[in-house]
Amino acid sequence: MEFDTISVIGLGYIGLPTAAVIASRRKKVIGVDINQHAVDTINQGEIHIVEPELDIVVHAAVKEGYLRATTSAEPADAFLIAVPTPFKAENGNEHTPDLTYIESASKAIAPVLKKGDLVILESTSPVGATEQMAAWLAGARPDLTFPQSHGEDSDIRVAHCPERVLPGHVVRELVENDRVIGGMTPKCSNAASSLYKLFVDGECITTTARTAEMAKLTENSFRDVNIAFANELSIVCDKLDINVWELIKLANRHPRVNILQPGPGVGGHCIAVDPWFIVSETPDEARLIRTAREVNDGKPEWVLGKVQQAVGEFLSSNPDKTAKEVTISCFGLAFKPDIDDLRESPALKIANAIAQQHASKVWAVEPNIEKLPASASSELVLVSMEEGKRSDIAVLLVDHRDFKGQEFTAHQGQIVVDTKGLWEPMVLTRLN
Ligand code: SAJ
C-alpha cells in the first residue's frame, strides 16, 4: 500500500515524535492538534514538550517541508490517532477510561476520509476502543464502508497499534522497538504494518485489534505488578531490618528471577494509569492488578510516616530544638530519574505533603528544573545540593545521577530517609 500523505492527530509526547520521525523518512506529514500554541511552535520548527533529540528531528522535518501542523483535519492516506485517554468518574468508579478525545478525533477526521484510507489508533486504550472508534467513524460517514460491517471488502481499514516508547528515549525507541499491530481484519493489519515499516526497524507483528489493546495494557500492568512486589518487599524488609536493595540484587542472581526496584511510589502517565483500564472492565477478575495499583499508590503514605518518624527521632536527640526548627530537604521531585517531568510524580506528592505538614519551609533539591511548578506547595523552596545536604532530615525521593556519590558531613542527629537505596542501605538512617 502506498502512503503519500500521513496525518497524525494529537501532537503530544507520542504524536509529535511519530510525526517527525515519519517526516524524516521524506514522507509528507500533516500534524493536527487543537492546541494553537503547539501548532504555531511546531510550524516554527520548535517543540512545546521536553524530549531529548526531538527538537533536532522536528526542526529538520519542518524546515525541509515534510512536516506541517494545523488545527483542522485535512485529507491524507493514513491517519494516526495519538490523543490522551484519561479517566473519568462514572457509576462510582473513578478510574473509568474516558474516550472523549478519541471520539473528537474520529469526528474531526471523518469528513475528510476517502475510500482506501487507513485509520490507526495509537492511544493506549481499553479493550474494544478500536471497534468503538470504527463505530464513530461509520456513524459520521454512512457513504463509506468499514471493517465491522464489510470485513476485508471495506473502504476504510482500521487498526490499533499501541505506542511503547519510554519517555526520555522516544526518538530511538520509536524506530528500534518491535510493534504490535492489531487490525480489525488481516488486510487492515497488513496495511498498518506497511505504514510502520516506513520508519520502524524493529519487527511489526500482526494480531487482532483487541489483542493489541490488551497487549499494551498487559505490558504496563506487568511492570506495575513487578514494582508493587518490590515496594511490598521494601516495607517487609524495613520491618525485618533487612537491606531490600541487597536482597533484590541477591534474588536477581537466580537465572529466572528479575525483580524491579522499590521507590517512593509509581508515577508518570502510563504505568500508574493503564492497569486501571483492565480493572475497570473486569473488576472481579483483575484482583492482582488492582492490588498492585493499591500497593504502589499507598507507598507515598508509608514514606510520609518514615519522615514523621525521622522528625521525632531528630527531636529526641536534640531536645533543645522545636519541631519548627527542624530543617527537611527533599532530593528529587521528578516522576523518575534524570528527567524534568514533574507531572504525576510521587516525589512531588510526598514533598508537597511534607511541606503541608511541617511547621516551617521545606527545601527541595531538583537539579533538572530551574523553578518550581505551580503544582508545588508554596511551602517548598528550591535550594542547591549543598544547601539541601545541610538539613536535619534529608529525604531522597528520586535516584537522579546527580545525587549519586554525594557525601554528608553529618551534624548532631542528622537523618537520611532514602527511598531509593542510593545513599543508605536502610530507609531511615541516623548519620551520627
Ligand atoms: N519505577 C520504579 N521502579 C522501577 C522502575 C520504575 O519505582 O524499577 C517507577 C518510576 O520511578 C516511575 C514509574 O515507575 O515513577 C514509571 O516509570 P517507567 O520508567 O517504568 O515507565 P514510563 O511510565 O516512563 O514508561 C512506560 C514504559 N512501559 C514499560 O516499560 C512496560 C514505556 O515503554 C511505555 O511506552 C510507557 O510506559 C507508555 O507510554 O505506556
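The structure presented is a predicted model; accordingly, all values stated were derived computationally and were not measured.

**Examining the overall build of the protein**
Helix and strand counts for the protein come out as 14 helices and 16 strands. What you see for the protein is a C-alpha radius of gyration of 24 Å, in line with the 22 Å of a compact globule of 432 residues. Viewed in the frame of its principal axes, the protein has a C-alpha envelope of about 80 × 50 × 45 Å. Scored against the burial criterion, the 432 residues of the protein give a buried share of 53%. By sequence separation, contacts in the protein at least 24 residues apart represent 67% of the contacts at least 6 residues apart. Side chains of the protein give 42 positive and 60 negative charges; the mean places of these two sets differ by 2 Å.

**Focus on the environment of G31**
By secondary structure assignment, the location of G31 is in strand 2 (residues 28-32). Owing to a relative accessible area of 0%, G31 belongs among the buried residues under this scheme. G31 sits 222 residues away from R253 along the chain, and the two C-alpha atoms are 47 Å apart.

**A look at the domain arrangement of the protein**
In terms of domains, the protein is made up of domain 1 (5-202) and domain 2 (222-426). Look at where the C-alpha atoms of domain 1 and domain 2 centre, and you get two points 35 Å apart. At the junction of the two partners, domain 1 supplies 15 residues and domain 2 supplies ten residues. Of all residues in domain 1, the largest losses of buried area upon contact with domain 2 belong to F87, H95 and P167, amounting jointly to 37% of the total for that side. Where domain 1 meets domain 2, there are three residue pairs in polar contact (both at pLDDT 80 or more).

**What about the sheet that holds strand 14 (residues 393-396)?**
Taken in spatial order, the six strands of this open sheet run 13-12-11-14-15-16, and their pairing is mixed. Each edge of the sheet is formed by a strand with only one pairing partner; in this case those strands are strand 13 (380-382) and strand 16 (428-430). The sheet shows a mean angle of 25° between the axes of neighbouring strands, taken without regard to direction. Across four bridges, the pairing between strand 11 (residues 328-331) and strand 14 is parallel.

**Brief notes about the packing of helix 12 (residues 287-317) against helix 13 (residues 346-357)**
Relative to each other, helix 12 and helix 13 sit at 40°, their axes nearing to 10 Å. Classified by the angle their axes make, helix 12 and helix 13 are oblique. For the element pair helix 12 and helix 13, the recorded crossing hand is right-handed. Judged by residue contacts, P300, V303, L304, V307 and Q308 of helix 12 engage P346, I350, A353, I354 and Q357 from helix 13. Split by residue class, the contact of helix 12 with helix 13 holds eight nonpolar, two polar and no charged.

Procedures and definitions
Residues numbered from 1 in each chain as written. Predicted model: local features only at pLDDT ≥ 70, side-chain atom pairs only at ≥ 80, totals over all residues. Heavy atoms only, no water. Helix = DSSP H or I, 4+ residues; strand = E, 2+ residues; numbered from the N terminus. Rg over C-alpha atoms; globule rule 2.2 N^0.38 Å. Buried < 20%, exposed > 50% of the residue type's maximum accessible area, 1.4 Å probe, protein only. Contact = heavy atoms within 4.5 Å. Lys, Arg positive; Asp, Glu negative; His and termini not counted. Charge placed at Lys NZ, Arg CZ, Asp CG, Glu CD. Domains from an automatic or database assignment. Buried area = accessible area lost by both parts, 1.4 Å probe. Polar contact = N/O pair within 3.5 Å; in protein donor to acceptor, adjacent residues only side chain to side chain. Pairing = 2+ DSSP bridges. Axes fitted to C-alpha atoms, helices over the stretch in contact; angles between N-to-C directions. Parallel < 35°, antiparallel > 145°, perpendicular 65-115°, else oblique. Left-handed = near helix turned anticlockwise from the far one by under 90°. Nonpolar A, V, L, I, M, F, W, Y, C, P; charged D, E, K, R; others polar.

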